[in-house]
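Each chain, written out:
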Amino acid sequence: MEKLIIPEQNIINAVCVYIARQKNTIPEEVEVELMYDDDSGFTAEAYVKGQQQFLSTLNLIEALRMTIKEFLNLDPNSTGIELILDDEEGIIAAVH
């Protein structure tokens, strides 16, 4: 498979769907902020109905795997996902 780049907005969308399913709400009710820190790596904060939820790198990868399976019809377990901090594009994901 050729390398596929997932832009930051699509990662945010994937996390919104992921959190919405956990909280039994709709993705439009979820606000997500992606972050990168040298110590903790890639993380995100999600806000749903006034509640804050912290997501680790593992949670972000899990959200992307769900999206890859459902929307791209690819096997999420046979793909490698690498989160990348890009100077111009922000946080992106490379899928191999």
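These remarks concern the structure in this document. Here the structure is a predicted model, which means the values were calculated and not measured. Positions within a chain are numbered from 1, following the residues in the order the chain's sequence is written. Whole-chain, interface and lining totals are the exception, using all residues; otherwise, since this is a predicted model, local features are given only for residues with pLDDT of at least 70 and side-chain atom pairs are given and counted only at 80 or more. Side-chain measures were taken over the full set of non-hydrogen atoms in the model, leaving aside hydrogen atoms and water.

1. Quick word on the sheet that holds strand β1 (residues 4–6)
No. 1: A sheet is described by the order of its strands in space; here 3 strands give the open sequence β1-β6-β5, paired in antiparallel fashion. At either end of the open sheet lies a strand with only one pairing partner, and these are β1 and β5 (81–86). On average, each strand axis in the sheet is tilted by 30° relative to the strand beside it, whichever way the strands run.
No. 2: Being paired, for any two strands, means DSSP has found at least two bridges between them. A run of DSSP states H or I qualifies as a helix once it reaches four residues; a run of E qualifies as a strand once it reaches two. Both are numbered from the N-terminal end. As judged from the 3 bridges shared by β1 and strand β6 (residues 90–95), these two strands associate in the antiparallel manner. Paired with L4 across the bridge in β6 is V95.
No. 3: Sitting on the sheet, helix α1 (residues 8–23) is in contact with β1, β5 and β6, with an inclination near 80° to β6.
No. 4: Lying on the sheet, helix α2 (residues 57–71) is in contact with β1, β5 and β6; it crosses β5 at an angle near 115°. Helix axes are fitted only over the stretch in contact, all axes being lines through C-alpha atoms; the angle between N-to-C directions runs from 0 to 180 degrees. In what follows, a contact means two residues having at least one pair of non-hydrogen atoms within 4.5 Å.

2. With respect to the side chain of E45
No. 1: Along the polypeptide, E45 turns up in strand β3 (residues 41–48).
No. 2: Here E45 sits buried without a salt bridge, and the closest side chain of opposite charge, K23, lies 14 Å off (N-O distance).
No. 3: Distance and chemistry together define a polar contact, namely a pair of N or O atoms within 3.5 Å, with one atom able to donate a hydrogen and the other to accept it when in protein, and with adjacent residues in sequence counting only for side-chain atoms on both sides. Engagement of the side chain of E45 in a polar contact is seen with the side chain of Y47, the distance being 2.5 Å.
No. 4: Not counting chain neighbours up to four residues away, the residues in contact with E45 comprise E31, V32, E33, M35, Q52 and Q53. Only protein chains enter the accessibility calculation, which uses a 1.4 Å probe. A residue is then buried if its area is under 20% of the maximum for its type, exposed if over 50%, and partly exposed in between. This count recognises Lys and Arg as positive and Asp and Glu as negative, with His and chain-terminal groups excluded. Here, a salt bridge means any Lys or Arg side-chain nitrogen found within 4 Å of an Asp or Glu carboxyl oxygen.

3. Details of the sheet that holds strand β2 (residues 30–37)
No. 1: Ordered in space as β2-β3-β4, the 3 strands form an open sheet in which the pairing is antiparallel. Strand pairing shows two members of the sheet lacking a second neighbour, β2 and β4 (51–55), which therefore form its edges. The sheet shows a mean angle of 20° between the axes of neighbouring strands, taken without regard to direction.
No. 2: Relative to β4, β3 is paired through 5 bridges, and the arrangement is antiparallel. Bridged to A46 within β4 is Q53.
No. 3: Against the sheet, α2 makes contact with β2, β3 and β4, and its axis sits at roughly 70° relative to β3, the strand it touches most.

Read these as geometric descriptors, not functional statements.
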